[in-house]
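Results of the structural survey
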Amino acid sequence: GGNCVWYDETALLKEVETLLSKPIERMGIDMHLRPDLLKLKFGVEKDNAASNMVAQHLEELRPVVQKLASIESQAQSSFLKLRARFHKM
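Conventions we followed
Residues numbered from 1 in each chain as written. Predicted model: local features only at pLDDT ≥ 70, side-chain atom pairs only at ≥ 80, totals over all residues. Heavy atoms only, no water. Helix = DSSP H or I, 4+ residues; strand = E, 2+ residues; numbered from the N terminus. Expected span 1.5 Å × (residues − 1). Salt bridge = Lys/Arg side-chain N within 4 Å of Asp/Glu carboxyl O. Buried < 20%, exposed > 50% of the residue type's maximum accessible area, 1.4 Å probe, protein only. pLDDT = per-residue confidence, 0-100. Bend = angle between axes of the 7 residues up to and from the residue.

Let's shift gears to helix H1 (residues 9-20). With 12 residues, H1 extends 16 Å from end C-alpha to end C-alpha; this agrees with the ideal 16 Å at 1.5 Å per step. Following H1 by one or two positions, serine 21 has its phi on the positive side, about 60°.

Quick look at the structure:
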């Protein structure tokens, strides 16, 4: 019931391992990473060219997104006012 989807996580894990052509390492019960993994910096780019390009693109989109948000707010307000106007009849 409800709005949930039940997944067979074991089967999904096997499918991913098949796609990767290798098993995915399991963490221990203590949930600690291996010491060699602690030395890695996750999410750090080797160069900032891609980040700079994405940041520039986001800045270009900012005024359009702000305008779209304003229009969306006006549309919802208009809909609610229209509904209230005709609901009274």
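The discussion continues.
This paragraph deals with the pattern of salt bridges. Applying the stated criterion across every chain yields a total of four salt bridges. A salt bridge links arginine 34 to glutamate 25; the shortest N-O distance between them is 2.2 Å. The class of arginine 34 is partly exposed, set by a relative accessible area of 32%. The salt bridge involving aspartate 36 is made with arginine 34; its shortest N-O contact spans 2.7 Å. Classification of aspartate 36 by relative accessible area gives partly exposed; the value is 43%. Within the structure, one salt-bridge network assembled from shared partners comprises Glu25, Arg34 and Asp36.

Overall, the prediction assigns the protein chain a mean pLDDT of 87, with 93% of residues at 70 or greater. Mean pLDDT across the elements of the protein chain ranges from a minimum in helix H2 (residues 35-38), with 84, to a maximum in H1, with 95.

The end-to-end C-alpha separation of helix H3 (residues 49-87) is 55 Å, in line with the 57 Å expected for 39 residues at 1.5 Å each. At arginine 62, H3 shows its maximal bend, which comes to roughly 40°, and the proline proline 63 appears one to four places after that position.

Here the focus is unusual backbone geometry. Backbone geometry at serine 21 places phi at a positive 60°, although glycine is not the residue there. Positionally, serine 21 belongs in the loop between H1 and H2. The class for serine 21 is exposed, based on a relative accessible area of 64%. The backbone phi angle of methionine 31 is positive, close to 60°, even though this residue is not glycine.

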